[in-house]
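Residues per chain, in single letters:
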Amino acid sequence: GVTDSRPASGAGVAGGQAEPAIEAHPAQAFGDDPLLVRDTDHYTDEYVTGFVEKWDELIDWKKRYESEGRFFVDLLKSHGVKSVLDVATGTGFHSVRLIEEGFDTVSVDGSPEMLAKAFENGKNYGGHILRVVHADWRWLNRDVHGEFDAVICLGNSFTHLFSERDRRKALAEFYAVLKHDGILILDQRNYDAILDSGFTSKHAYYYCGEEVKAEPEYVDEGLARFRYSFPDQSQYHLNMYPLRKDYVRRLVREVGFQRVETYGDFQDAFSADEPDFLIHLAEKS
Ligand code: SAM
């Protein structure tokens, strides 16, 4: 066994257990001044059940498959990858996709709720039993043992780290679980475009036709606060760190990766003329 695959609390337990609704749908808590919430540890409070389920319900996986195409699958295959550690499992989209493509996949997340949801999704989409590990990236090697051909950190997840110290620590941990010739694939929103284009022209992004709108509500060099609006008028927020492209490339090299290549978009679901997402591919040797 390469990993400590003990399920997160809730994962592996049959769904449908009745819980008081108030527990099942906690509200997002940003306090009196949301703009002051610039904390790496806050991510587990932001992905509350209502938000996560609405997102999964509306952005259906089939459409995501289509917009993403074979980009990551082909990239991994072209590097001879067989084993993958998905460090930002979320609700499991990429883990399930990779399992279906035959990759030996282990799924990590720092949020037990997310892992439980991913586990349930794995069963529902094709009857897959996800191997899940509850771990924070900063202490990844405490919980995950083994060497993987690839680490993937997708869906604009690295943006949840609010200090450079946390970013370096996480990248060093990703580096350490890789084989000597392993690769890291990490994506991010194109924050340079948002930071540099001025307030008036900040982009709104539409998903799933025009149904889900994601827009920056506030941006400075240390915070990008996004508002997500759903067709039923509900709104949720995420506070993220606006990673500049060249900064991320530099950090990745500084923790030891030898080469970094950055790709532009592969998907259609945005209104800007520049890439919405950037994808970094880093090679350990
Ligand atoms: N990759 C998935 C996707 O694209 O659908 C989900 C990405 S979701 C935007 C980001 C995930 O990263 C969340 O599930 C969150 O719990 C996790 N995460 C954020 N910071 C983390 C950390 N420091 N350690 C472990 N997981 C973290």
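Residues numbered from 1 in each chain as written. Predicted model: local features only at pLDDT ≥ 70, side-chain atom pairs only at ≥ 80, totals over all residues. Heavy atoms only, no water.

Student: Please set out the pattern of salt bridges residue by residue, giving values where relevant.
Tutor: Summed over the entire model, instances satisfying the criterion amount to 28 salt bridges. Salt-bridge contacts for Arg138 lead to Asp166; the nearest nitrogen and oxygen are separated by 3.6 Å. With a gap of 28 residues between them, Arg138 in the loop between strand E3 (132–134) and helix H8 (140–143) and Asp166 in helix H9 (residues 164–176) connect regions that are remote in the sequence. Residue class for Arg138 comes out buried when judged on its relative accessible area of 5%. With a relative accessible area of 15%, Asp166 lands in the buried category. The closest approach of N and O atoms between Glu173 and Lys169, which form a salt bridge, is 2.8 Å. In this pair, Glu173 and Lys169 are both assigned in helix H9, four residues apart and thus about one turn of the helix distant. Taking relative accessible area as the criterion, Glu173 reaches 11% and is therefore assigned buried. What makes Lys169 partly exposed here is its relative accessible area of 35%. The structure contains a network of salt bridges with shared partners spanning Arg70, Asp74, Lys77, Arg97 and Glu101. (Salt bridge = Lys/Arg side-chain N within 4 Å of Asp/Glu carboxyl O. Helix = DSSP H or I, 4+ residues; strand = E, 2+ residues; numbered from the N terminus. Buried < 20%, exposed > 50% of the residue type's maximum accessible area, 1.4 Å probe, protein only.)

Student: Quick one: what's the story with the sheet that holds strand E4 (residues 148–153), residue by residue and with numbers?
Tutor: Taken together, seven strands build an open sheet; the order of strands is E3-E2-E1-E4-E5-E11-E10 and the sheet is mixed. Of all the strands in the sheet, the pair left with one neighbour each is E3 and strand E10 (259–263). With direction set aside, neighbouring strand axes in the sheet form an average angle of 20 degrees. With three bridges joining them, strand E2 (residues 104–109) and E3 adopt parallel strand pairing. Paired with Val108 across the strands is Val133, a residue of E3. Across the sheet, helix H6 (residues 93–100) touches strand E1 (83–86), E2 and E4, and the angle it forms with E2 is around 170 degrees. Running at roughly 175 degrees to E3, helix H7 (residues 112–124) makes contact with E2 and E3 of the sheet. (Pairing = 2+ DSSP bridges. Axes fitted to C-alpha atoms, helices over the stretch in contact; angles between N-to-C directions. Contact = heavy atoms within 4.5 Å.)

Student: Break down the sheet that holds strand E7 (residues 212–220) for me, with residues and values.
Tutor: On the basis of which strands lie adjacent, the open sheet formed by four strands has the order E6-E7-E8-E9 and antiparallel pairing. Sheet topology places strand E6 (205–207) and strand E9 (235–240) at the edges, where each strand pairs with a single neighbour. For this sheet, the mean angle separating the axes of adjacent strands, direction not counted, is 25 degrees. With three bridges joining them, E6 and E7 adopt antiparallel strand pairing. Residue pairing for E7: Tyr206 is matched across the bridge by Lys213. Helix H3 (residues 49–58) contacts E6, E7, strand E8 (223–229) and E9 of the sheet and is inclined by roughly 105 degrees relative to E9.

Student: Could you give an account of the site of the ligand, with specific residues and numbers?
Tutor: Neighbouring the ligand are 19 residues; Tyr47, Arg64, Ala88, Asp109 and Leu154 lie closest to it. One of the side-chain nitrogen or oxygen atoms of Tyr43 is found 3.3 Å away from a nitrogen atom of the ligand. Contacts to the ligand include Gly110, whose backbone N or O atom sits 3.1 Å from a nitrogen atom. Because more than half of its atoms lie within 2 Å of the grid, the ligand is assigned to the largest pocket. When the residues that make up the shell around the ligand are grouped by side-chain class, the tally is eight nonpolar, eight polar and three charged. (Near = heavy atom within 4 Å. Polar contact = N/O pair within 3.5 Å; in protein donor to acceptor, adjacent residues only side chain to side chain. 1 Å grid on protein atoms, 1.4 Å probe; cavity = no way out; pocket = protein on both sides within 12 Å on 5 of 7 lines; lining within 4 Å. Sits in = over half its atoms within 2 Å of the grid points. Nonpolar A, V, L, I, M, F, W, Y, C, P; charged D, E, K, R; others polar.)

Student: Residues and numbers for H9, please.
Tutor: The end-to-end C-alpha distance of H9, which contains 13 residues, comes to 18 Å, matching closely the 18 Å that a straight helix rising 1.5 Å per residue would cover. Listed as buried for H9 are Asp166, Arg167, Ala170, Leu171, Glu173 and Phe174. Take H9 and look down its axis: the buried residues cluster within an arc of 160 degrees, on one side only. Looking at the buried residues of H9, the elements they touch are H8, E4, strand E5 (178–189) and helix H11 (245–254). (Expected span 1.5 Å × (residues − 1). Arc of directions from axis to C-beta.)

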